[in-house]
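Here's the letter readout for the chains.
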Amino acid sequence: MTARTFVYIVCSLTGRVGKTTVARLLGDYFLASRRSFRGFDTDAHESDFALRFPEQAVVADLTVIQGQMALIDPLLEDDGVPKIIDLWHRALEGFFSLVDQTDFMAEARARGVEPILLYVDDGPPRAAEVVARIEARYPDLQVILVRNEVASPEAGAEPSAPQTLRSFRIGKLDPVLRAIIDEPGFSLSRFMLAPPADMSIVLRAALRDWIWRIFSQFKSFELRMTLSETEHF
Amino acid sequence: MGHNQMKPTLIMVGADKGGVGKTTVARALLDYLASNNVIVRAFDTETPRGTLQRFHPAITDVVDINQTADQMRILDTLNTSQVKVSVIDTRAGALASSLAALRDVGFLDAAKAGDFNFVLFHILGPSIASLSEINETAPFVTDAHYFLVKNYVNDSTFFDWDPATLQTYFGKVKNASDVTIPKLNAMAYEQVELAGTPLSTFVADKTASGDPAHHSFTLRGYVRTWQNKNADEFNRIRLLDLVNGRG
């Protein structure tokens with residue numbers, strides 16, 4: 001089986017749709033399954049993702065060449081370590097311009113690195129338009145729509161994109177639990193591996209349930225990717 | 001095409017002031033010609049140390065264009081059957097005098113007589129004063145393919161020349177047209193300078209001796225995109241056709 005390395009690009013054209021939450025969940029998913037990942041936070045001003053994962057993530061400011069190199073060069077290492085990019089919404093166009101300037105997609109393919117785009121739903125008609133543009137520009141790029149009901153409770157009420165598009169769903173979260181996980185020191189992966197004893201059983205169960213529903217979608221996705229690879233043999 | 005030996009081509013790259021990126025354009029040209037399998041020799045007139053030679057040592061001689069012996073060397077190389085194209089990277093500020101030197105050894109007459117293809121890339125500076133340089137050069141280049149080059153590599157801004165004004169200058173030269181060399185990211189440019197290799201070698205991530213160079217992919221990508229844009233431009237002006245005598 002070819003060693004493939006996945007690069008998850010978590011993005012949206014709109015701010016405040018819960019992009020960092022999605023990136024965070026993905027990061028904690030890997031940590032909870034006792035795997036490492038490398039994270040890249042492209043918001044140099046509010047680097048919440050990098051702050052959450054000081055050992056795994058770095059800040060990469062794409063407005064300067066050093067930040068571009070700090071992001072793009074490591075993405076091409078086929079080392080089996082998943083890469084997660086929290087793509088600041090204002091950096092989206094710049095990122096794709098950089099991808100085109102450097103012919104990143106072709107190089108990634110040549111090195112066995114597979115980019116996966118997770119577009120965090122910012123509602124119709126924008127989400128459908130942006131996804132369509134991305135798919136047209138990069139026909140070989142896998143695009144997944146993420147409906148984040150934590151940030152946008154009305155998400156999912158109306159389809160933002162063609163139903164044929166793969167999607168992940170982040171379910172609604174009770175405000176009390178929301179407050180708990182928003183605490184700077186709270187780690188979702190540490191919670192899954194060793195739930196704190198001082199937390200109420202009810203809250204623990206509810207949070208574990210919420211996380212598990214999300215993690216199992218990630219797990220199914222990884223399994224599908226593995227199976228689709230072995231199908232070629 | 002027949003069995004006749006193809007006419008050799010002399011490409012001169014010059015500017016009347018320093019700092020306009022003349023040697024950068026010469027390197028872009030050499031790289032383009034090499035990738036199109038054109039056998040090229042280069043003459044670097046920045047004696048004694050040279051500037052172009054560092055990047056293309058195998059094909060570049062450092063010469064003094066005002067010395068008869070070196071002038072004859074250039075002409076002799078032009079007459080060598082193996083070498084299709086000779087590129088002269090003239091000393092900054094010495095374009096007009098270099099052209100005069102070539103005129104004095106009869107080269108311009110030979111070009112006029114059709115013995116050589118003569119191509120001039122005149123790298124312009126960003127101010128309107130550059131246009132007057134064309135006045136100085138025009139008398140020498142009546143039988144040349146004359147390209148006025150705007151070099152944006154270092155992000156220069158160019159005075160937006162009034163089209164009528166531009167036309168009066170262009171009008172002085174028979175075969176004049178313009179070429180644009182686009183901007184290249186400063187760090188990428190610096191890295192290529194530091195590497196001191198041909199552009200394609202840098203993009204291929206190799207050192208001059210063929211070992212892995214471990215350059216940043218991001219920077220190599222920027223250089224490759226820049227190379228491709230230059231190639232589009234050289235294709236647009238049909239440089240290969242000029243070199244092959246089909247211009």
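Predicted, not measured: the structure shown is a model, and the values here were computed from it.

Caption draft 1: Broad picture of the overall build of chain A. Within chain A, the secondary structure is distributed over nine helices and seven strands. Computed over its C-alpha atoms, the radius of gyration of chain A comes to 17 Å, within 12% of the 17 Å expected for a compact globule of 233 residues. Across its three principal axes, chain A shows a C-alpha extent of roughly 50 × 45 × 35 Å. Going through the 233 residues of chain A one by one, you find that 37% of them count as buried.

Caption draft 2: Inspection of the overall build of chain B at higher detail. Scanning chain B from N- to C-terminus turns up ten helices and seven strands. Against the 2.2 N^0.38 benchmark of 18 Å for 247 residues, chain B shows a C-alpha radius of gyration of 17 Å, consistent with a compact globule. Burial analysis of chain B (247 residues in total) assigns 42% to the buried set. Pairs at least 24 residues apart make up 76% of the contacts formed inside chain B by residues separated by at least 6 positions.

Caption draft 3: Here's a closer look at the packing of helix 3 (residues 65-75) of chain A against helix 9 (residues 217-236) of chain B. Two numbers describe how helix 3 of chain A lies on helix 9 of chain B: the axes approach to 8 Å, and their chain directions differ by 100°. Here helix 9 of chain B runs roughly perpendicular to helix 3 of chain A, going by the angle between their axes. Contacts between helix 3 of chain A and helix 9 of chain B involve Gln 68, Met 69, Ile 72 and Asp 73 of chain A from the former and Phe 217, Thr 218 and Leu 219 of chain B from the latter. Class assignment for the residues of the contact of helix 3 of chain A with helix 9 of chain B results in four nonpolar, two polar and one charged.

Caption draft 4: Layout of the interface of chain B and chain A. With ten residues of chain B in contact, the opposing surface of chain A contributes ten residues. With seven residues, the top contributor of residues to the side of chain B that touches chain A is helix 9 of chain B. Here the side of chain B that touches chain A is built from residues that sort into four nonpolar, five polar and one charged.

Caption draft 5: Examining unusual backbone geometry more closely. In this model, Pro 124 of chain A is joined to Pro 125 of chain A through a cis peptide bond whose omega is -5°. If you trace the backbone, Pro 125 of chain A turns up in the loop between strand 5 (113-120) and helix 6 (126-137). With an omega of -5°, the peptide bond between Thr 47 of chain B and Pro 48 of chain B qualifies as cis. Tracing the sequence through the fold places Pro 48 of chain B in the loop between strand 2 (40-44) and strand 3 (60-62). A positive phi angle, close to 60°, is found at Arg 16 of chain A, a residue other than glycine. As for its position among the elements, Arg 16 of chain A is in the loop between strand 1 (5-11) and helix 1 (19-32). Unusually for a residue other than glycine, Asp 103 of chain A sits at a positive phi of about 55°. With respect to the secondary-structure elements, Asp 103 of chain A resides in the loop between helix 4 (92-102) and helix 5 (104-110).

Caption draft 6: Quick look at the sheet that holds strand 5 of chain A. Residues and elements named next belong to chain A. The seven strands are arranged 3-2-4-1-5-6-7 in an open sheet whose pairing can be described as parallel. Pairing within the sheet leaves two strands with one partner each, and these edge strands are strand 3 (57-59) and strand 7 (166-170). Put simply, the sheet's adjacent strands are angled 20° from each other on average, direction ignored. Here four bridges tie strand 1 to strand 4 (residues 83-86), and the two strands are oriented parallel to one another.

Caption draft 7: Focus on helix 6 of chain A. All names here are of chain A. Relative to the 16 Å expected for twelve residues at 1.5 Å per residue, helix 6 spans 16 Å between its end C-alpha atoms, a close match to the ideal helical length. For helix 6, the set of buried residues is Ala 127, Val 130 and Val 131. Take helix 6 and look down its axis: the buried residues cluster within an arc of 100°, on one side only. Every exposed residue of helix 6 that faces more than 90 degrees away from the buried side is listed here: Arg 133, Ala 136 and Arg 137. Of the surrounding secondary structure, the elements contacted by the buried residues of helix 6 are strand 5 and strand 6 (142-148).

Caption draft 8: Just the environment of Gly 50 of chain B, in detail. All names here are of chain B. Looking at the element boundaries, Gly 50 is found in the loop between strand 2 and strand 3. Remark: the alpha-carbon pair of Gly 50 and Phe 107, spanning 57 residues in sequence, is separated by 23 Å. For Gly 50, the contacting residues outside a window of four places in its chain are Asp 44 and Val 62.

Caption draft 9: Quick look at the nonpolar core. Among the nonpolar cores identified, the biggest contains 63 residues, and Val 13, Leu 29, Val 87 and Val 223 of chain B are the most heavily contacted of them. By residue number, the principal contributor to this core is helix 1 (residues 22-35) of chain B, which donates seven residues. Every residue in contact with Val 87 of chain B, bar those within four places of it in the chain, is listed here: Ile 11, Val 13, Ala 26, Leu 29, Leu 30, Val 40 and Ala 42 of chain B. Residues Phe 95, Val 130, Val 131 and Ala 151 of chain A belong to the second largest nonpolar core, which totals 57 residues.

Caption draft 10: Highlighting the sheet that holds strand 6 (residues 145-151) of chain B. Residue and element names in this part refer to chain B. The strand order across the open sheet built from seven strands is 3-2-4-1-5-6-7, with neighbouring strands paired in parallel fashion. Since the sheet does not close on itself, it has two edges, and those belong to strand 3 and strand 7 (176-181), each with one partner. The sheet shows a mean angle of 20° between the axes of neighbouring strands, taken without regard to direction. Looking at chain direction, strand 5 (residues 117-124) and strand 6 are connected through six bridges and run parallel. When the sheet's bridge partners are listed, Leu 120 is paired in strand 6 with Tyr 146. Taken strand by strand, helix 1 contacts strand 1 (9-14), strand 2, strand 4 (85-89), strand 5, strand 6 and strand 7, and its axis lies near 165° from that of strand 4.

Definitions and limits used
- Every chain's residues receive numbers from 1 upward, in the order its sequence appears when written.
- Following the order in which they are written, the chains are lettered starting with A and the ligands numbered starting with 1.
- At least 70 in pLDDT is required for a residue's local features to be given in this predicted model, at least 80 for side-chain atom pairs to be given and counted, and no such filter applies to totals for whole chains, interfaces and linings, which use all residues.
- Here a helix means four or more residues in a row that DSSP labels H or I, a strand means two or more in a row labelled E, and each is numbered from the N terminus.
- Here the globule rule reads 2.2 Å times residues to the power 0.38, and the radius of gyration is calculated from C-alpha atoms.
- The exposure label follows from counting other C-beta atoms within 10 Å of a residue's C-beta, where the C-beta atoms are placed from the backbone and the thresholds are 20 or more for buried and 12 or fewer for exposed, leaving partly exposed in between.
- Residue pairs are scored as contacts if the distance between their C-beta atoms, which are placed from the backbone, is within 7 Å.
- Note on geometry: axes are C-alpha line fits, over the in-contact stretch for helices, and angles between N-to-C directions span 0 to 180 degrees.
- Here the word oblique covers every angle except those under 35 degrees (roughly parallel), over 145 (roughly antiparallel) and from 65 to 115 (roughly perpendicular).
- When residue character is reported, Ala, Val, Leu, Ile, Met, Phe, Trp, Tyr, Cys and Pro are called nonpolar, Asp, Glu, Lys and Arg charged, and the others, Gly included, polar.
- Two strands pair under a simple rule: DSSP has to find at least two bridges between them.
- Multiplying 1.5 Å by the residue count of a helix minus one yields the expected span of that helix.
- In this context, the arc is that of the directions from the helix axis out to the C-beta atoms.
- When buried Ala, Val, Leu, Ile, Met, Phe, Trp, Tyr and Cys residues are joined through C-beta atoms within 7 Å, the set is termed a nonpolar core.

So yeah, pure geometry; function would need other evidence.
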